[in-house]
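A structural walkthrough
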Amino acid sequence: MELTPPDIVRAAYAELVVTDLAEARRFYVDLLGFVVSAESDTTLYLRGYDELIHHNLILRAGPEPAAARLAYRVRAAADLGRAEAFFAALGSRTARVPAGDTPGVGEAVRAEDPLGFTVEFFFEAAHAERLQQRYDLRRGAEPARMDHFNITVPDVRAAREYYASLGFGLSETIEDEDTLYAAWMFRKQTVHDVAFTGGAGPRLHHLGFFAHESYQVLRICDILGSLHAEAQIERGPGRHGVSNAFYVYLRDPDGHRIEIYTSDYYTGDPGHPVLRWSVRDPRRRDFWGHPVVESWYTEASAVLDLDGRPRPLQADKQAAEVIVGADGFTR
Ligand SMILES: [Fe+2]
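Small disclaimer: the values here were computed from a predicted structure and weren't measured.

Examining the overall build of the protein chain
- Of regular secondary structure, the protein chain possesses five helices and 18 strands.
- Against the compact-globule benchmark of 20 Å for 331 residues, the protein chain has a radius of gyration of 19 Å, which places it among compact chains.
- For the protein chain, the spread of C-alpha atoms along the principal axes amounts to about 55 × 50 × 40 Å.
- In the protein chain, which comprises 331 residues, the proportion classed as buried is 56%.
- In the protein chain, the proportion of contacts linking residues at least 24 apart, taken out of those at least 6 apart, comes to 69%.
- Accessible area of the protein chain: about 13200 Å², with a carbon and sulfur share of 50%.
- Measuring between centres, the 36 positive side-chain charges of the protein chain sit 2 Å from its 49 negative side-chain charges.

Regarding the coordination of the iron ion
- Within the protein, H148 (NE2), H206 (NE2) and E259 (OE) serve as the donor atoms for the iron ion, at 2.0 to 2.1 Å.
- Going along the chain, you hit the donors of the iron ion in the pattern H-x57-H-x52-E. A residue pair is termed long-range when its members are at least 10 positions apart, and H148 in strand β9 (residues 145–153) and H206 in strand β13 (residues 203–210) qualify at 58 residues. Each member of the pair, H148 together with H206, is buried.

A word on the pattern of salt bridges
- This model, assessed by the stated rule, comprises 28 salt bridges.
- For E15, the salt bridge goes to R60, with nearest N and O atoms at 2.7 Å. Here the residue E15 occupies a position in strand β1 (residues 8–18), and R60 occupies one in strand β4 (residues 57–61), the gap between them amounting to 45 residues.
- Note on E15: relative accessible area 7%, which makes it buried.
- According to the relative accessible area criterion, R60 is partly exposed, its value standing at 29%.
- Note that R145 and D147 form a salt bridge whose closest N and O atoms lie 2.9 Å from each other.
- Under the relative-accessibility criterion, D147 is labelled buried at 0%.

Some thoughts on the sheet that holds strand β3 (residues 43–47)
- Spatial ordering of the open sheet is given by β2-β3-β4-β1-β5-β8-β7-β6, a layout of eight strands whose pairing is mixed. For this open sheet the edge positions go to β2 (35–39) and β6 (94–97), each flanked by a neighbour on one side alone. On average, each strand axis in the sheet is inclined to that of its neighbour by 25 degrees, with strand direction left out of account.
- Examined bridge by bridge, strand β7 (residues 108–112) and strand β8 (residues 118–122) share five bridges and lie antiparallel to one another. Pairing of V109 across the sheet is with F121, part of β8.
- Here helix α2 (residues 78–89) sits on the sheet in contact with β5 (66–74), β6, β7 and β8, set at roughly 160 degrees to β6.

With respect to the side chain of S301
- Inspection of the secondary structure puts S301 in strand β18 (residues 301–302).
- Residue classification places S301 among the buried residues on the basis of a relative accessible area of 7%.
- Of note is the side chain of S301, whose polar atom sits 2.7 Å from the side chain of H256.
- S301 has contacts with R203, L204 and H256, leaving out every residue within four places of it along the chain.

Some remarks on helix α1 (residues 21–31)
- Three or more residues of α1 are buried, namely L21, A24, F27, Y28, V29 and L31.
- Its side-chain oxygen 3.1 Å from the backbone nitrogen of A22, D20 forms the N-cap of α1.

Describing the nonpolar core
- Core analysis: the biggest nonpolar cluster contains 64 residues, and Y28, Y163 and L207 have the highest contact counts within it.
- Ranked by residue count, the leading element in this core is α1, at six residues.
- Leave out the neighbours within four places in its chain, and Y28 touches L16, G33, F34, L46, L57, L59, D252, H256 and I258.
- Judged by nonpolar contacts, the second largest core, of 13 residues, contains Y181, A182, V191 and A195.

What counts as what
- Residues numbered from 1 in each chain as written.
- Predicted model: local features only at pLDDT ≥ 70, side-chain atom pairs only at ≥ 80, totals over all residues.
- Heavy atoms only, no water.
- Helix = DSSP H or I, 4+ residues; strand = E, 2+ residues; numbered from the N terminus.
- Rg over C-alpha atoms; globule rule 2.2 N^0.38 Å.
- Buried < 20%, exposed > 50% of the residue type's maximum accessible area, 1.4 Å probe, protein only.
- Contact = heavy atoms within 4.5 Å.
- Areas by Shrake-Rupley, 256 points an atom, 1.4 Å probe, with all protein chains shown as cover.
- Lys, Arg positive; Asp, Glu negative; His and termini not counted.
- Charge placed at Lys NZ, Arg CZ, Asp CG, Glu CD.
- Donors = N, O, S within 2.8 Å, 3.2 Å for Na, K, Ca; no water.
- Salt bridge = Lys/Arg side-chain N within 4 Å of Asp/Glu carboxyl O.
- Pairing = 2+ DSSP bridges.
- Axes fitted to C-alpha atoms, helices over the stretch in contact; angles between N-to-C directions.
- Polar contact = N/O pair within 3.5 Å; in protein donor to acceptor, adjacent residues only side chain to side chain.
- Core = buried A, V, L, I, M, F, W, Y, C linked by side-chain atoms within 4.5 Å.

Take a look at the structure:
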């Protein structure tokens, strides 16, 4: 029997474990410009300026850096039961989380998904004040909202098939005749809510936050340069081939990777075509052909199971690598 997946609206928020909450606050709030929705001695709840729900990012103090969960908002309360049944049928461990367990979030279902990530599904959310036109408050990269999760998985094809079964559309790929190197999949009407990077996994590759203008991507680079924090600019700024987005990748004080991302495109029509990039095209990762730094391919954040324990890593199953252009080694 084919199970009905939950009707997922979008990638909504993620929880990261950070080792120094004061340092994380300085990076995410003071420099990047996130808005504090709530805070305690151990946890910060942050959102972007356009966001209507309580938060896009939870930073929780803990002993080791990790990604604790990736949360998707669903369309209706009934989707919680659908999520529970869907994951139970896959043999995944699930848990019901009562309303208020996470501030600003109603009842939720969490699951250890087949890729090894702790995913959460929630419907009810407290509405926060939308600060879109509070230009007087904006700082740093002026992040607007959560855009996407990029996850590192040993088998990109298996990840694509699992997310297709959850109702995600496919927007773009990097591939050759034999191997799917990366894929971008969406529920909201943009290029993606989730993307897959091949490598030892499960690990979180990066969290992508939407900004409205390319100057906001450039401005955060200038700010980090002024503060002699240039080492936190890992890759870019540049134009992606995949997604056409203007981007920069930053590393937070714990090494978690954050992307500031703007100007991708609409994917909402039925039959939206898949854009397939050859792995041999040097423009796929950077439209101007700039090299991808090695750390971007090799480093990512550990992920936690439902009990908060680090998940064991599985080795990359995709040994294929193609040497292309400036990358030197690449996918
Ligand atoms: Fe991204």
